[in-house]
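Secondary and tertiary structure notes
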Amino acid sequence: MQEQEDFKQLDMRYEEAELRSKRKNPSWIDRAWTFFSSVKVGLWLIGLIIIASGIGTIFPQEMYIPQATPPEEFYQKEYGTAGDIYYTLGFHNLFESWWYIGLITLLLLSIIIVSIDRFFPLYRALKKQPVIQSDRFMNGQRFGAEATGDVKKIDAIAPLLEKKGYKIRRQDGALLAEKQRFGRWGPYINHIGLVLFFGGAMLRVVPGMHEDELLWLREGETLPIEATDNKYYLKNEAFNIEFYDPEKVDAKFKKSLEAAGGNVPKNYDTKMTLYKKVGETSDFKPKLEEIKSGETAVNRPFEFDDFQVFQEQYAADPEFKTMSFSIVNQKTGKVVDTIKVDLREPKETYKLKNGYDVELKDFLPDFVVKDGQPTTNSGRPVNPAFVFNIKSPEHPKGERSLIGIKLNVGGDENQYKMAFAGTELSNISGVRIKKDLTLPFLFAGGIIFMAGLLIGMYWPHRRLWLREKNGRIQIAGFTNKNALGLQKEANLALTEVGLPELEDRQKLREEGEAK
Amino acid sequence: MNMLQLSSNLLLTSFIVYLVSTGFFAVATSGKKGPTRSGKIAYTLAIIGFLAQLGYFFTRWAGAGHVPVSNLYEYTTFFGMMMVLGFLIVYAIYKNNVLGLIAMPVALLVIAYAAMFPDEVQPLIPALQSVWLKIHVTTAALGEGILAVSFATGLLYLVHATDFNKESKTRTWLEIVMFSLVCVVGYILVGLLFKATGSASTIEYVAKNGAKMTHEYTMPVLTGPENGKVLSGSGAVIELPNFLNANKVNTVLWSVIGGVVLYVLLRFVVLRKRVAESLKPIARKIDLETADEISYRAIAIGLPIFILGGLIFAMIWAQMAWSRYWGWDPKEVWALITMLFYVFYLHMRIQRGWIGKKSAWLCVGGFAVIMFNLVFVNLVVAGLHSYA
Ligand code: HEM
């Protein structure tokens, strides 16, 4: 037992190869190299990233706060002093901050350097492994055993191990059985995948690799796509939204829908047509050629070239699209005619039957009264008002009136008035147009990373050394993962040829110490 | 009987079978080390319970018309089921009964915790109508379930390695871990109690943006919103500023109260010693080497699965549903933190020789990160994820 208590396991991580980072008399390059290839430094970086990321989730990041309130007010108002401090320190944009991105960059640098530092020495060491190892080596392995016996036993075990998938090398009677050496490359492969993934994500800054645009399209509207340099135009043919109806839905969903207070969307999608600009008409309007039509819905983007069109949002309140008015003779109560005003493209005059005309003198899409003057707040037709001039045989110069929602100025005294005859609403669909040529890099990086992870974790590198010396057989075993697996596999073969099972010297030492 | 009813009966069945299985594991560990007959019975029961829960899962799937992992109740139940699966896999390799005595109760606790959430099936909003939802959530939960096994062994390691007669940091921290677990039990018991006594209140208040909102309390009201108007039930003892969710704070308070009562009972009446110490006779039956090895293997197996499900599949789905594979949403960030934490563990272990006690603490910490993401990020930090 004495021997076991003195047992000091050899560090087999790099097969005792010399690493650049462990050089004596380093130059400054060596020093920088040593710094970044230090696992301690790498782990500090990981630790700092963990802490920073955690801080970034205490309060919502700027991109998730309501856009109506400016951030400097939002954090203060919503979360008091703590929120104010959070904002002042810049944590509301933590993940885009120079120092967070800096930490990730340093981590990548560290991963690259550490991998180079260790890969080549390890590769060379594993490539030129001797079959016959020193006593120091054999006794320094965690697993080992010794017994009397001759080379015949080693000869006998060779085919058994071969059957288990080991590659056998022999030299002067000694044996080296090895399997799944590629498992040792797992960490390097996964580190490469990681670098490729993050490198790919960083390629976004290269012009042309990444485009991202949110386009609000009303029904029937056609707009150029800036992300394609206005080469393509997109038309919203129809937006459709469907809610779960608590009355009609399957009984099992009733309770949860009632708890949610209705308004749980079931589906929303936009039917659209894509056009390509092929020139300009004489009045400088784009000449468009239809390319394709289709539909975009959540989880089912519409695609063209390198672009994808995602159904992202919709406006909660639809806009007015058209408004219809009847021209009424107030004396007789008769309707002369009806006009329909397209709010997006209102005409200046509307010709009616029998010599009647309606002139649209002014159109105020978002009507307000400011300083006693009617004016418009925005260009969006949310509260439209109109100044009409109705020309009739009786009044060839026309009669003016201001008409809006719950608004009628001057209309009552005139002979002819405009009366609401209905509206059409139009939905607004928010689609995100995206091109991301970095995705293949991310995909490749992700696959390589996973492959490396699996190889490293599920394919342990196992080796057994046997050699005969002065009538005794020395056995040593190595595995980088799953000690139990190695013992099981080796012991079966060892006992079959009458050799002792592998001992776990580490464990024996600890038990010895405990006693 | 319709599918959904059958489904909840199966869940109840599995819960009871798990309980019985835990009992048999207790018998198995009271005797000698190694596989015993009661150990075999316990393991068989655990498998039967798992099959029953699998039955729950698929009947609910059939009943609801979509995979039942789309709200907190369903997800948490599924996570409990994956913890059991993780344990079943590890038991198959190591045949260790002691492990069952820790892993099964923790899984039971998670499933009981799930029962605290509303269990109605919900129709899916458009973003959730995707195959990637199934793939992402199930794989992530499986990974987390296997990782959780390392918590059980880490805990056993620490209890085994600690001398409870001497004042030490390990002794203190272990007791804090036990207290947290007791608080979860407290939360569940208090929840059940108030469900039975029916202590519901509704309080109306005016939110920051001026909208009228209400808090629906299921527990007696200790903390209420500023200037709240009691619509039904009782009023608040303390009013809180509105950036704190008074209802959630109320629940947390009650859980801690329940936890403290339960803890004091356990510590001074039932066990008459530290709760962690009372696990010592069990923990002593697993040798340190084995506990350490199982922890590491559980992480070696669980981490790749978690990364695949919780990060890679998650990114694929986010790209399809939200047009961006990554958006720094709190749930996403905490999945990243989970991965980095276990990566930290692996490197510390392999490169800096953190084996044994330090490594066991990291296993406990990793589980704390997972639970934080499940409980805290879902309940307190609101995000895009549907179960927020
Ligand atoms: C997010 C970042 C990282 C990930 C996901 C990662 C992943 C891994 C994994 C899974 C292993 C195998 C561990 C095992 O077999 O138990 C490994 C090994 C290793 N990692 Fe990393 N790593 C990361 C960052 C780093 C950093 C920053 C460093 C050092 C500065 C580093 C240095 C190493 C070394 C030296 C090995 C051992 C290689 C060998 O066994 O030959 N890693 N890494």
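Nothing here was measured: the structure is a model prediction, and the numbers come from that model. (Residues numbered from 1 in each chain as written. Chains lettered and ligands numbered in written order. Predicted model: local features only at pLDDT ≥ 70, side-chain atom pairs only at ≥ 80, totals over all residues. Heavy atoms only, no water.)

1. Quick notes on the overall build of chain B
Spelled out, the test is: Strands are runs of DSSP state E lasting at least two residues, helices are runs of H or I lasting at least four, and both sets are numbered from the N terminus onward. Radius of gyration: over C-alpha atoms. The globule rule applied is 2.2 Å multiplied by the number of residues raised to the 0.38 power. Using a 1.4 Å probe, the Shrake-Rupley method yields the accessible areas, and only the shown protein chains count as cover for residues. Positive residues here are Lys and Arg, negative ones are Asp and Glu, while His and the chain termini are left out of the count. To locate a charge, take atom NZ for lysine, CZ for arginine, CG for aspartate or CD for glutamate.
When you go through chain B residue by residue, the secondary structure sums to eleven helices and five strands. Taken over the C-alpha trace, chain B has a radius of gyration of 22 Å; the compact-globule value for 388 residues is 21 Å, and the two agree within 12%. Oriented by its inertia axes, the alpha-carbon framework of chain B measures out at about 65 × 50 × 50 Å. For chain B, the exposed surface amounts to about 15,600 Å²; the carbon and sulfur share of it is 68%. Positive and negative side-chain charges in chain B, numbering 29 and 18 respectively, have mean positions lying 9 Å apart.

2. With respect to the overall build of chain A
Convention followed: Buried residues are those whose accessible area, probed at 1.4 Å on protein chains only, stays under 20% of the maximum for their type, while exposed residues exceed 50% and partly exposed ones sit between those limits. Throughout, a residue-residue contact means that at least one pair of heavy atoms, one from each residue, lies within 4.5 Å.
Per the secondary structure count, chain A includes twelve helices and 24 strands. Here the C-alpha atoms of chain A give a radius of gyration of 39 Å, more than 25% beyond the 24 Å that 2.2 N^0.38 yields for 515 residues. The dimensions of chain A, computed from C-alpha atoms along their principal axes, are 130 × 55 × 50 Å. Per-residue burial over chain A gives 46% buried out of 515 residues. A sequence separation of at least 24 residues applies to 64% of the contacts in chain A between residues at least 6 apart. Total accessible area computed for chain A in this model is approximately 27,200 Å², and 55% of it derives from carbon and sulfur atoms. Here chain A holds 71 positive side-chain charges and 71 negative ones, and the gap between their average locations is 6 Å.

3. Overview of a nonpolar patch on the surface
For clarity, the cut-off: To count toward a patch, a residue needs a relative accessible area above 30% and no salt bridge. Like charges then connect within 9 Å, nonpolar side chains (Val, Leu, Ile, Met, Phe, Trp, Tyr) within 5 Å. Every case where a carboxyl oxygen of Asp or Glu lies within 4 Å of a side-chain nitrogen of Lys or Arg is listed as a salt bridge.
Taken together, B:Val252, B:Val256, B:Ile257, B:Val260, B:Val261, B:Val264, B:Leu265, B:Phe268, B:Val269 and B:Val270 make up a surface patch of nonpolar side chains, about 830 Å² in accessible area. Owing to a relative accessible area of 51%, B:Phe268 belongs among the exposed residues under this scheme.

4. Looking at the sheet that holds strand 1 (residues 201–206) of chain B
Residues and elements named next belong to chain B. Rules: Strands were regarded as paired on the criterion that DSSP finds at least two bridges between them. The axes are straight lines fitted to the C-alpha atoms, using for helices just the contacting stretch, and the angles between their N-to-C directions are given from 0 to 180°.
Strand order in this open sheet of three strands is 2-1-4, and the pairing throughout is antiparallel. Because the sheet does not close on itself, it has two edges, and the strands there are strand 2 (212–217) and strand 4 (229–232). Taken over all neighbouring pairs, the strand axes of this sheet differ in orientation by 30° on average, direction set aside. Direction of pairing for strand 1 relative to strand 2: antiparallel, over a ladder of six bridges.

5. Looking at the coordination of the iron atom of the ligand
As a reminder of what qualifies: Only nitrogen, oxygen and sulfur atoms qualify as donors, provided they sit within 2.8 Å of the metal or within 3.2 Å for Na, K and Ca; with water excluded from the atoms, sites may seem incomplete. In this scheme the shape depends on donor count and angles: four donors with every angle between 85 and 135 degrees give tetrahedral, four or six donors with opposite pairs above 155 degrees and others between 65 and 115 give square planar or octahedral in turn, and any other case is irregular.
Taken together, the protein ligands of the iron atom of the ligand are A:His191 (NE2) and B:His347 (NE2), with distances of 1.9 to 2.1 Å. Note that the iron atom of the ligand binds six donor atoms; their angles at the metal cover 83 to 177°, and the shape is octahedral. In this pair, A:His191 is assigned in helix 8 (residues 186–202) and B:His347 in helix 10 (residues 330–352), connecting two distinct chains. Taking the relative accessible area as the measure of exposure, A:His191 reaches 15% and is therefore buried.

6. Looking at the sheet that holds strand 20 (residues 416–426) of chain A
Residues and elements named next belong to chain A. Taken in spatial order, the three strands make up an open sheet running 12-11-20, and their pairing is antiparallel. Because the sheet does not close on itself, it has two edges, and the strands there are strand 12 (334–342) and strand 20. Shown here is a sheet whose adjacent strand axes are inclined to one another by a mean of 20°, direction ignored. By the bridge criterion, nine bridges tie strand 11 (residues 319–329) to strand 20 in an arrangement that is antiparallel.

7. Some remarks on helix 4 (residues 71–88) of chain A
Residues and elements named next belong to chain A. Which entries qualify depends on this criterion: To estimate the expected span of a helix, subtract one from its residue number and multiply by 1.5 Å. For a residue, the bend is simply the angle between two axes, fitted respectively to the seven-residue segment ending there and the seven-residue segment starting there.
Across its 18 residues, helix 4 extends only 11 Å between first and last C-alpha, which sits more than 12% below the 26 Å expected from 1.5 Å per residue. Of all the bends in helix 4, the greatest, near 150°, is centred on tyrosine 79. The complete set of buried residues in helix 4 reads Pro71, Phe74, Tyr75, Tyr79, Gly80, Gly83 and Tyr86. Packed against the buried residues of helix 4 are helix 3 (39–55). Looking one or two places after helix 4, you find glycine 90, whose phi comes out positive at around 80°.

8. Some words on the interface of chain A and chain B
Inclusion rule: In this description, buried area is defined as the sum, over both parts, of the accessible area (probe of 1.4 Å) that is lost when the two are combined. Whenever two N or O atoms come within 3.5 Å, that pair is a polar contact, provided that in protein one can donate a hydrogen and the other can accept it, and provided that, for residues adjacent in sequence, both atoms are side-chain atoms. Following the grouping adopted for this structure description, the nonpolar residues are Ala, Val, Leu, Ile, Met, Phe, Trp, Tyr, Cys and Pro, the charged ones are Asp, Glu, Lys and Arg, and the polar ones are all others, Gly among them.
In this complex, chain A contributes 63 residues to the contact, which on the side of chain B involves 62 residues. Together, the buried faces of chain A and chain B total about 5,100 Å²; carbon and sulfur atoms form 65% of this surface. Connecting chain A to chain B are one salt bridge. Its salt-bridge partner being A:Arg142, residue B:Glu289 comes within 3.8 Å of it at the nearest N-O pair. Here chain A is connected to chain B by eight residue pairs in polar contact (both at pLDDT 80 or more). For the side of chain A that touches chain B, the per-class residue count stands at 32 nonpolar, eleven polar and 20 charged.

9. Regarding the side chain of B:Gln53
All names here are of chain B. Tracing the sequence through the fold places glutamine 53 in helix 2 (residues 37–64). Residue glutamine 53 is classed as buried on the basis of its relative accessible area of 0%. Setting aside residues up to four positions removed in sequence, glutamine 53 forms contacts with Leu11, Ser14, Tyr18, Thr77, Met81 and Ile111.

10. Considerations on the environment of B:Phe313
All names here are of chain B. Among the structural elements, phenylalanine 313 can be located in helix 9 (residues 288–322). Here phenylalanine 313 falls in the buried class, since its relative accessible area comes to 16%. Through-space distance from the C-alpha of phenylalanine 313 to that of alanine 140 is 8.7 Å; in sequence the pair is 173 residues apart. In this structure, phenylalanine 313 is in contact with Trp132, Ile135, His136, Thr139 and Leu308, ignoring residues within four places of it in sequence.

11. Side note on the site of the ligand
The line we're drawing: The near set for a molecule or strand comprises every residue that places at least one heavy atom within 4 Å of it.
Contacts to the ligand come from 26 residues, most closely from A:Ser110, A:Tyr188, A:His191, A:Lys481 and B:His347. More than one chain approaches the ligand, the contributing ones being chains A and B. The separation between an oxygen atom of the ligand and a polar side-chain atom of A:Tyr188 is 2.7 Å. Residue B:His347 places a side-chain N or O atom 2.6 Å away from a nitrogen atom belonging to the ligand. Among the elements of the structure, helix 3, helix 5 (98–127), helix 8 and helix 10 (439–458) of chain A together with helix 10 of chain B are those that each provide at least two residues to the shell around the ligand. Of all the elements, helix 10 of chain B adds the most residues to the shell around the ligand, at seven residues. For the shell around the ligand, the per-class residue count stands at 17 nonpolar, seven polar and two charged.

12. Some details on the packing of aromatic side chains
All names here are of chain B. Heads up, the condition is: Two rings from Phe, Tyr or Trp (for Trp, the six-membered ring) form a pair when their centres sit within 6.5 Å of each other. Planes less than 30 degrees apart are called stacked, planes more than 60 degrees apart edge-to-face, and all others tilted.
Using the criterion set out here, one finds 50 aromatic pairs over all chains in the structure. Taking 5.6 Å as the distance between ring centres and 80° as the angle between the ring planes, the aromatic pair formed by phenylalanine 25 and phenylalanine 87 counts as edge-to-face. You can see phenylalanine 25 sitting in helix 1 (residues 3–30) and its partner phenylalanine 87 sitting in helix 3 (residues 72–94), a full 62 residues away along the chain. With respect to class, phenylalanine 25 is no different from phenylalanine 87; both count as buried.

13. Focus: the packing of helix 3 of chain B against helix 4 (residues 97–114) of chain B
Residue and element names in this part refer to chain B. Filter applied, for reference: For classification purposes, angles smaller than 35 degrees are called roughly parallel, those larger than 145 roughly antiparallel, those between 65 and 115 roughly perpendicular, and all remaining angles oblique.
Closest axis-to-axis distance for the helix 3/helix 4 pair is 8 Å, and the angle between their directions is 170°. Compared by their axis directions, helix 3 and helix 4 come out roughly antiparallel. Residues Tyr73, Thr76, Thr77, Phe79, Gly80, Met83, Val84, Phe87, Val90 and Tyr91 of helix 3 form the contact with helix 4, whose participating residues are Asn97, Leu99, Gly100, Ala103, Met104, Val106, Ala107, Val110, Ile111, Tyr113 and Ala114.

14. Focus: the confidence of the model for chain A
Under the convention used in this document: The score called pLDDT rates the predictor's confidence residue by residue, from a low of 0 to a high of 100.
For chain A, the average pLDDT comes to 85, and 96% of its residues sit at 70 or higher. Of all secondary-structure elements in chain A, the lowest mean pLDDT belongs to helix 1 (residues 2–5) of chain A, at 48, while helix 10 of chain A reaches the highest, 94.

15. Thoughts on the pattern of salt bridges
All names here are of chain A. For the coordinates displayed, the defined rule picks out 28 salt bridges over all chains. Glutamate 237 serves as the salt-bridge partner of lysine 235, at 3.9 Å between the closest nitrogen and oxygen. The exposure class of lysine 235 is partly exposed, given its relative accessible area of 22%. Two residues, lysine 271 and glutamate 295, come together in a salt bridge whose shortest N-O distance is 3.1 Å. One end of the pair, lysine 271, is in strand 7 (residues 265–280); the other, glutamate 295, is in strand 8 (residues 286–297), with 24 residues separating them in the sequence.

16. Some points on the nonpolar core
What counts here: Take the buried residues of types Ala, Val, Leu, Ile, Met, Phe, Trp, Tyr and Cys, join any two whose side-chain atoms come within 4.5 Å, and each joined set is a nonpolar core.
If you look at the biggest cluster of nonpolar residues, it comprises 145 residues, and the most contacted ones within it are A:Tyr100 and B:Ile307. Residues contacting B:Ile307, with those up to four places away along its chain left out, are A:Phe449, A:Met450, A:Leu453, B:Ile312 and B:Met339.

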